[in-house]
Amino acid sequence: MFGRPRAVGPVWAALAAAIALAVLTPLAALAWTALGAGTGHWSHLIAHVLPGALARTTTLLAGVGALTAVVGTGCAWLVTRADFPGRRVLQWALLLPLTVPTYIAAYSYVDLLHPIGPFQGAVRALLGFDSPRQFRLPDARSMGGAVLVLSAVLYPYVYLSMRAMFSTQPARLMEAARLLGEGPWGAFRRVALPMARPALAVGVGLVLLEVLNDVGASEFLGVTTLTTTIYTTWVTRSDLGAAAQIACAMLALVALLVMLERQGRQRQRAGAVRAMRPAPRQRLHGARAWLATAAAALPVVIGFVLPAGHLAMLAWKRAVEGYGLTPEVIAGATHSALLALSVTAIAVTAGLVVAWAARSTAGARTRAWWLGGAALGYAIPGTVLAIGLLPPALALDAWIAGALGLPGLPMMSLGVVLVAAGVMRFLALPIGGVEAGLSRIPAPLEQVARSLGESPLGTLRRVHLPLLRPALTTSALLVFIDVMKELPASLLLRPANVETLPTLLYAEAARGSYEHGALAALLIVAVGLPAVLLLSREPASPASPAPSADTPSARRTTQVSRAPQAAYASDARGGPEAPRAASATRVSDASSTPFIPTKEAT
């Protein structure tokens, strides 16, 4: 009697297809711009630009990927399999570096590690030196400095996915390994780590995509990557065609990363572990316990305490000098909030439309096209998306101005193009949340409502939306936070003479007066704290109820975080399943879990 939900009407299908096409439009425009620039650029790019930028980008990706994999995996193993002083606090504190954007961490550490800065001054005082000429540490503005700074704030992506995976691994497998003669290290290396390989691939993949999206940190640390090359080619040389061609080359690298991440998950085949007893934590004593505490606390200190503390100190000094909430900071915060609210409202609405249309009985290929096309922007760096969006936006803006007799570019001046870029960039977040929430609402609820005479739209309004309200709220919060921190698209597409908090901070750092933007940086960090509260919940127990591994969300969404998650479960194919809260025993509880899809072209 009760089957799958009925197919949506043509209006919903047309809206979903239009949204997917709108997200794909910048990519088509990017390719058109690159082809229209001719081949003259390519000889110069291949000879003088791409080899060096590609080599530096690859080195940075390899260094950050390896370091975040080690730190994230090690911290996740400690908090899930050992009991030591401070474990409960460190379990959620290890997520705090997510609140510090990469460009803010770079600005803070360049200031902290400056030859006449506080850290090197303290080291010289301890060693008995008087000036930087006698002793100085290596310059933070280097490839090594970039690897360390980016790793310090990006490792939580790996930590979060690995912590959830380790929490769901059954005790019997580790016990069997120990009975067969393996020590703790051997059991971890040969049993626990191979089983967690899908989560590791997801976490490292997200880290690498974040590195590719970065502009401010790489530029400030003196590392010329493909992203910074695109930015400087467009802004400094005013050569949009060459920038588009470099962006196309960068998209090939993004596609390679997405493919490697997918293969890392799909190759693994692990059995379901929902009904198995999780491995107990081993209580540590004495020096081993305090060593574990220090090891887990060190990433928190480096990734959050030092940069946030430095920002607070600078902001306090500026406030004492009478330069607290200046008009510039107030205007930047207002512009950032308006931008984030606009993007959030449109993205959540569009995400609901796409997810609702994709749940129909339409063909699997159609649903995959809608979901994949609409969510593709999350895998595209903001700089690349901005370059692809600019030509069609300018053409449409010029047509509107001519038709209405308006001067200039009205859409660009009002920030409409920047809002559109933000929606395209972060549309995957509400799509993943709503899709996963819908998959957990039993079909009989809709069928009963329809049998009682309710229309499809009325069923959505009176049945689904109340159950989806927690998931929609969570998705909206995460989109709002991400937009508040977004720098690349804001730099390139913001209206003239309009500054957001990130662009205000970037401008101060470019002028060498980073301390003037300390309060703006502190506000950006504070905005990210609610996301940490969402992510700090314990991963679900393997014994708790879970959705089927064959649901759309289990196949296409991964809760991680810029993309974070509350929990992972291993499905029959070994890939991360749609996460759920430990108390997800009712529909309303299940829909309240935050969902963030993998940055991949699903």
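### Here's the deal with the overall build of the protein chain
Here is step 1: Check the secondary structure of the protein chain and you find 27 helices and 2 strands.
Here is step 2: Of all 602 residues assigned to the protein chain, the portion counted as buried reaches 56%.
Here is step 3: Counting only contacts in the protein chain whose residues sit at least 6 apart along the sequence, the fraction spanning at least 24 positions is 82%.
Here is step 4: Accessible area of the protein chain: about 24700 Å², with a carbon and sulfur share of 66%.

### Some points on the environment of Leu291
Here is step 1: With respect to the element layout, Leu291 can be found in helix α13 (residues 286-320).
Here is step 2: Along the chain, Leu291 and Phe84 lie 207 residues apart, while their C-alpha atoms are 9.1 Å from each other.

### Some details on the nonpolar core
Here is step 1: With 153 residues, the main nonpolar core has Phe84, Ile104 and Leu493 as its most contacted residues.
Here is step 2: Leave out the neighbours within four places in its chain, and Ile104 touches Leu311, Leu505, Tyr514, Ala521, Ile524 and Val525.
Here is step 3: Trp356, Val434, Leu460 and Ala476 belong to the second-largest nonpolar core, a separate cluster that totals 12 residues.

### Some words on the packing of aromatic side chains
Here is step 1: Tallying each qualifying case throughout the model produces 5 aromatic pairs.
Here is step 2: Pairing Tyr103 with Tyr107 gives two aromatic rings, centres 6.3 Å apart and planes at 55 degrees, and the pair type is tilted. With a gap of 4 residues between them, Tyr103 and Tyr107 both fall in helix α4 (residues 102-112), about one helical turn apart. Across the pair, Tyr107 and Tyr103 agree in class, each one buried.
Here is step 3: With a centroid separation of 4.7 Å and an interplanar angle of 80 degrees, the aromatic rings of Tyr107 and Phe220 are classed as edge-to-face. Here Tyr107 is found in helix α4, whereas its partner Phe220 is found in helix α10 (residues 216-220), with 113 residues between them in sequence.
Here is step 4: Given the relative accessible area of 1%, Tyr107 is considered buried.
Here is step 5: Through a chain of ring-to-ring contacts, the aromatic side chains of Tyr103, Tyr107 and Phe220 assemble into a single cluster.
Here is step 6: A cation over an aromatic ring shows up here: Arg141 above the ring of Phe220, its NZ or CZ 4.4 Å from the ring centre.

### Observations regarding the packing of helix α6 (residues 143-168) against helix α9 (residues 197-213)
When two helices pack together, their arrangement is given by the angle between their axes and by how far apart the axes lie.
Here is step 1: With their axes 8 Å apart at the nearest point, α6 and α9 run at an angle of 155 degrees to one another. Of the possible angle classes, the one that applies to α6 and α9 is roughly antiparallel. In terms of crossing hand, the pair formed by α6 and α9 is right-handed. Where α6 abuts α9, its residues Leu150, Leu154, Tyr157, Val158, Ser161, Met162 and Met165 lie against Ala199, Leu200, Gly203, Val204, Leu206, Val207, Glu210 and Val211.
Here is step 2: The residue inventory of the contact of α6 with α9, partitioned by class, reads 12 nonpolar, 2 polar and 1 charged.

### As for the side chain of Ser490
Here is step 1: Considering the arrangement of structural elements, one finds Ser490 in helix α22 (residues 488-493).
Here is step 2: Not counting the four nearest positions on each side in its chain, Ser490 is found in contact with Leu339, Leu418, Thr500 and Thr503.

### Let's talk about the environment of Arg133
Here is step 1: Locating Arg133 in the fold gives a position in the loop between α5 (118-127) and α6.
Here is step 2: Relative accessible area serves as the criterion here: at 84%, Arg133 is assigned to the exposed category.
Here is step 3: As for Arg133 and Pro115, which are separated by 18 residues in sequence, their C-alpha atoms are 9.2 Å apart.

### Section: the pattern of salt bridges
Here is step 1: Across all of its chains, the model carries 4 salt bridges by this definition.
Here is step 2: For Glu508, the salt bridge goes to Arg511, with nearest N and O atoms at 3.2 Å.
Here is step 3: Looking at Glu508, the relative accessible area reads 12%, which means it is buried.
Here is step 4: With relative accessibility at 57%, the residue Arg511 sits in the exposed group.
Here is step 5: One network of salt bridges, with partners in common, ties together Asp83, Arg87 and Arg283.

### Observations regarding the packing of helix α1 (residues 10-36) against helix α14 (residues 327-358)
Here is step 1: At their nearest, the axes of α1 and α14 sit 9 Å apart, and the two run at 120 degrees to each other. When the axis of α1 is compared with that of α14, the two are oblique. The way α1 lies across α14 gives a crossing that is left-handed. Listed contacts from α14 to Trp12, Leu15, Ala16 and Ile19 of α1 are Ala350, Val353, Val354, Trp356 and Ala357.
Here is step 2: Looking at the contact of α1 with α14 residue by residue, the class counts come to 9 nonpolar, no polar and no charged.

### What about unusual backbone geometry?
Here is step 1: The backbone of Asn497 sits at a positive phi, close to 65 degrees, despite the residue not being glycine.
Here is step 2: Tracing the chain through its elements places Asn497 in the loop between α22 and α23 (501-510).

### Some points on the side chain of Thr228
Here is step 1: Position of Thr228 relative to the elements: it lies in helix α11 (residues 226-235).
Here is step 2: Apart from residues lying up to four places away in sequence, Thr228 is in contact with Val215, Ser218, Glu219 and Val223.

### Some remarks on a nonpolar patch on the surface
Here is step 1: Taken together, Leu298, Val301, Ile302, Val305 and Leu306 make up a surface patch of nonpolar side chains, about 380 Å² in accessible area.
Here is step 2: With respect to the helices, strands and loops of the structure, Leu306 is situated in helix α13.
Here is step 3: Since its relative accessible area comes to 40%, Leu306 is described here as partly exposed.

### Side note on helix α21 (residues 456-485)
Here is step 1: With 30 residues, α21 ought to run about 44 Å at 1.5 Å a step, yet its terminal C-alpha atoms sit only 38 Å apart, falling short of that.
Here is step 2: At Leu465, α21 shows its largest bend, some 55 degrees, and a proline, Pro466, comes one to four positions later.

### Overview of the environment of Arg237
Here is step 1: Note on placement: Arg237 falls in the loop between α11 and α12 (240-266).
Here is step 2: Setting aside its immediate chain neighbours within four residues, Arg237 contacts His44 and Thr232.

### What about α4?
Here is step 1: Burial runs high along α4: 10 of the 11 residues are buried.
Here is step 2: Of all the residues in α4, the buried ones are Thr102, Tyr103, Ile104, Ala105, Ala106, Tyr107, Ser108, Tyr109, Val110 and Leu112.

### What about the confidence of the model for the protein chain?
Fine structural detail should not be taken from predicted coordinates in areas where pLDDT scores are low.
Here is step 1: Put simply, the protein chain has an average pLDDT of 77, and 80% of its residues get 70 or more.
Here is step 2: Per-element averaging of pLDDT across the protein chain places helix α27 (residues 587-590) at the bottom with 33 and helix α18 (residues 416-426) at the top with 92.
Here is step 3: This stretch, residues 269-275, has a pLDDT under 50; its non-local contacts, to residues over four places away or in other chains, come to 20 contacts.
Here is step 4: Low confidence marks residues 540-602, where pLDDT is under 50. Its contacts with residues over four positions away, or in another chain, come to 223 contacts.

Quick notes on the rules
Residues numbered from 1 in each chain as written. Predicted model: local features only at pLDDT ≥ 70, side-chain atom pairs only at ≥ 80, totals over all residues. Heavy atoms only, no water. Helix = DSSP H or I, 4+ residues; strand = E, 2+ residues; numbered from the N terminus. Buried < 20%, exposed > 50% of the residue type's maximum accessible area, 1.4 Å probe, protein only. Contact = heavy atoms within 4.5 Å. Areas by Shrake-Rupley, 256 points an atom, 1.4 Å probe, with all protein chains shown as cover. Core = buried A, V, L, I, M, F, W, Y, C linked by side-chain atoms within 4.5 Å. Phe/Tyr/Trp six-rings, centres within 6.5 Å; stacked < 30°, edge-to-face > 60°. Lys NZ or Arg CZ within 6 Å of the ring centre and 35° of its normal. Axes fitted to C-alpha atoms, helices over the stretch in contact; angles between N-to-C directions. Parallel < 35°, antiparallel > 145°, perpendicular 65-115°, else oblique. Left-handed = near helix turned anticlockwise from the far one by under 90°. Nonpolar A, V, L, I, M, F, W, Y, C, P; charged D, E, K, R; others polar. Salt bridge = Lys/Arg side-chain N within 4 Å of Asp/Glu carboxyl O. Patch = residues over 30% accessible without salt bridge, like charges linked within 9 Å, V, L, I, M, F, W, Y side chains within 5 Å. Expected span 1.5 Å × (residues − 1). Bend = angle between axes of the 7 residues up to and from the residue. pLDDT = per-residue confidence, 0-100.

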